[in-house]
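Notes for the structure review
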2 protein chains.
Amino acid sequence: MKIFYVYAHPEPKSFNGALKDTAIDALQEKGHEVKLSDLYAMNFNPVLNAGDFTERKKQDVFNPFLEAIKAVKTGAFSPDIKEEMGKVRWADLIVFQFPIYFTAMPAIMKGWIDRVLAPGFGFNPVTNSAYDTGLLKGKSAMLVTTTGAPKEMYSEGGAHGDLNKHLESITHCVFEYMGMKVLPSHIIYEASSMSKERGTEELEKYRKTLFDL
Amino acid sequence: MKIFYVYAHPEPKSFNGALKDTAIDALQEKGHEVKLSDLYAMNFNPVLNAGDFTERKKQDVFNPFLEAIKAVKTGAFSPDIKEEMGKVRWADLIVFQFPIYFTAMPAIMKGWIDRVLAPGFGFNPVTNSAYDTGLLKGKSAMLVTTTGAPKEMYSEGGAHGDLNKHLESITHCVFEYMGMKVLPSHIIYEASSMSKERGTEELEKYRKTLFDL
């Protein structure tokens, strides 16, 4: 399989860094082709703005929706966006790994979604291309994430509520919206206060999950 | 009242720009004191990283949680974060205005939350300061947002589901988590395909909402 691994964590020596290294090793060992976008290492710009387009349809007022719909046809996206779109097109499966910041993605990954999975590329409201007719149909997507808080806090009835419900704004409203099949999210709770033993176990568990893909 | 208005949109001449201008005028006319953070205009950096701290507790591995908990005591946050924290401390009410990107905040605003509402400042898991004992208790918060998609799509049973549910990861898991009282979100659906007349009506409706605060 062709696997595109999108990863966001500010510290390579973190548990997230070890998870990512484990994943890349396991996937390659299994014979998959892997491309990695390490957003912090790439210094990826997460802020959608007028500079995302090398040509503008409307000069006076910047309307990101209109510009993206046009840029998909003309190729007028900035080079960093084009590069990432190329990896998305290439992939059979896209894995997104990040630590939970306030029940959601860190800004650097949210901005990757805002800028790369643009209207006209991942979905198109003008032509009604979404969900069953989403433009990334045929691909799969998977979230891999770590929390600081314990599982109870992130469960139905817990203080924050079920984390999987919060993640639906990504799994359902982004991935399924664009026609992708969603694999079960791999969530590691309380990762920040983990013993060394549990850390090793979690890495092994994750390696197995990826081996069984 | 002291009102801190946090605003994110890439185009000043957009409907969001008009909403923000309407808000600042209305609030000042009503006699409130207002501070504005226009994140795009400020070129606000949304990427949490080691540069957020002017001194480090742990040099070898960057752990944002530990560094933030310490920096609240020592003042070791970078100047841009300190500036925003000052406005939060000052305010009675914080208004967050942004366009919905994929049922959530644009990256530039998510990053404001990631960096400014840091552990030890807005909440503190070490001392169990959250929800009823959240560190921003006594303040209120309000979301003001626009969507491209129609209300049906963002309702219970609609393709995306109830937008207010998605926004709970901000209203509940950020604002209430930090002890703030949450005012009803002001949502304007289908803002991108609005007639001039409806635009004027929506601005007037928003002005009234703010006058009645």
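Owing to the predicted nature of the structure, the values given are computational and were not obtained by experimental measurement. (Residues numbered from 1 in each chain as written. Chains lettered and ligands numbered in written order. Predicted model: local features only at pLDDT ≥ 70, side-chain atom pairs only at ≥ 80, totals over all residues.)

1. Focus: the overall build of chain A
Scanning chain A from terminus to terminus reveals 7 helices and 6 strands. Tracing chain A from N to C terminus, the helices and strands come up as β-α-β-α-α-α-β-α-β-α-β-β-α. Relative to a compact globule of 213 residues, whose C-alpha radius of gyration would be 17 Å, chain A shows 18 Å and is just as compact. With respect to the principal axes defined by its C-alpha atoms, chain A has extents near 55 × 40 × 35 Å. (Helix = DSSP H or I, 4+ residues; strand = E, 2+ residues; numbered from the N terminus. Rg over C-alpha atoms; globule rule 2.2 N^0.38 Å.)

2. Remarks on unusual backbone geometry
A negative phi angle is the norm for most residues apart from glycine, just as the trans form is the norm for most peptide bonds. Residue and element names in this part refer to chain A. Although it is not a glycine, Asn43 sits at a positive phi angle of roughly 55°. Mapping Asn43 onto the fold places it in the loop between helix 2 (39-42) and helix 3 (64-74). Judged by local crowding, Asn43 falls into the exposed class, with 10 C-beta atoms found within 10 Å. For Asn128, which is not glycine, the phi torsion reads 60° and is therefore positive. Relative to the helices and strands, Asn128 is located in the loop between helix 5 (107-116) and strand 4 (140-146). (Buried ≥ 20, exposed ≤ 12 C-beta atoms within 10 Å, placed from the backbone.)

3. Some remarks on the confidence of the model for chain A
Within chain A, residue pLDDT values average 97, and 100% of them lie at 70 or more. If you check the scores for this complex, the pTM reads 0.97 and the ipTM reads 0.97. (pLDDT = per-residue confidence, 0-100.)

4. Considerations on the interface of chain B and chain A
Across the boundary between the two partners, chain B contributes 33 residues, which contact 33 residues of chain A. When residues of the side of chain B that touches chain A are traced back to their parent elements, those giving at least two are helix 2 (64-74), helix 4 (107-116) and helix 5 (163-176) of chain B. Looking at the side of chain B that touches chain A, the element that brings in the most residues is helix 4 of chain B, giving 6 residues. (Contact = placed C-beta atoms within 7 Å.)

5. Some thoughts on the relation of the copies chain B and chain A
Rotating chain B by 180° about the axis while translating it 0.0 Å along that axis superimposes it on chain A, leaving an RMSD of 0.0 Å. Taken together, the rotation and translation relating the two chain copies correspond to the operation of a two-fold axis. When each C-alpha of chain B is compared by its distance to the rotation axis, Ala107(B) comes out closest, at 2.3 Å. Mapped onto chain A, 100% of the interface residues of chain B are again interface residues, and the two copies thus contact each other with one and the same surface. (Least-squares fit on C-alpha atoms with pLDDT ≥ 70 in both.)

6. So, the pairing of strand 2 (residues 33-38) of chain B
Residue and element names in this part refer to chain B. Pairing geometry for strand 1 (residues 2-7) and strand 2, over 6 bridges, is parallel. Within strand 2, the residue paired with Lys2 across the bridge is Glu33. Following the chain from strand 1 across helix 1 (residues 15-29) to the adjacent parallel strand 2, one finds a crossover that is right-handed. (Pairing = 2+ DSSP bridges. Right-handed = clockwise from strand over helix to strand, strands pointing away.)

7. Focus: the packing of helix 5 of chain A against helix 4 of chain B
Axes are the key here: two packed helices are described by the angle between their axes and the distance separating the axes. At a minimum axis separation of 8 Å, helix 5 of chain A and helix 4 of chain B run at an interaxial angle of 170°. As judged from the angle between their axes, helix 5 of chain A and helix 4 of chain B are roughly antiparallel. The residues of helix 4 of chain B that touch helix 5 of chain A, namely those facing Ala107(A), Lys110(A), Gly111(A) and Asp114(A), are Ala107(B), Lys110(B), Gly111(B) and Asp114(B). The class makeup of the residues in the contact of helix 5 of chain A with helix 4 of chain B is 2 nonpolar, 2 polar and 4 charged. (Axes fitted to C-alpha atoms, helices over the stretch in contact; angles between N-to-C directions. Parallel < 35°, antiparallel > 145°, perpendicular 65-115°, else oblique. Nonpolar A, V, L, I, M, F, W, Y, C, P; charged D, E, K, R; others polar.)

8. Regarding helix 1 (residues 15-29) of chain A
Residue and element names in this part refer to chain A. When the terminal C-alpha atoms of helix 1 are compared, their 21 Å separation across 15 residues agrees well with the 21 Å that a helix rising 1.5 Å per residue should span. Residues of helix 1 that are buried include every one of Asn16, Leu19, Lys20, Ala23 and Leu27, and no others. Angular distribution of buried residues about the axis of helix 1 spans 95°; they occupy a single face of the element. Across from the buried face of helix 1, at angles greater than 90 degrees, the exposed residues are Gln28 and Glu29. Looking at the buried side of helix 1, the elements it contacts are strand 1 (2-7), strand 2 (33-38), strand 3 (93-99), strand 4 and helix 7 (196-211). Looking one or two residues past helix 1, Gly31 carries a phi angle of roughly 95°, positive in sign. (Expected span 1.5 Å × (residues − 1). Arc of directions from axis to C-beta.)

9. Let's talk about the packing of helix 1 of chain B against helix 6 (residues 196-211) of chain B
Residue and element names in this part refer to chain B. Packing of helix 1 against helix 6 brings their axes to within 9 Å, and their N-to-C directions diverge by 35°. Judged by the twist between their axes, the crossing of helix 1 over helix 6 is right-handed. Residue-level contacts link Phe15, Ala18, Leu19, Thr22, Ala23, Ala26 and Leu27 of helix 1 to Gly199, Leu203, Tyr206, Arg207, Leu210 and Phe211 of helix 6. Broken down by class, the residue content of the contact of helix 1 with helix 6 amounts to 10 nonpolar, 2 polar and 1 charged. (Left-handed = near helix turned anticlockwise from the far one by under 90°.)

10. Considerations on the pairing of strand 3 (residues 93-99) of chain B
Residues and elements named next belong to chain B. Of all 7 residues in strand 3, 7 are buried; the element is thus mostly enclosed. Of the pairings in the sheet, the one linking strand 1 to strand 3 comprises 5 bridges and is parallel in character. Following the sheet pairing, Val6 is matched in strand 3 by Phe96. At this point the chain moves from strand 3, through helix 4, to the parallel strand 4 (residues 140-146), and the crossover so formed is right-handed.

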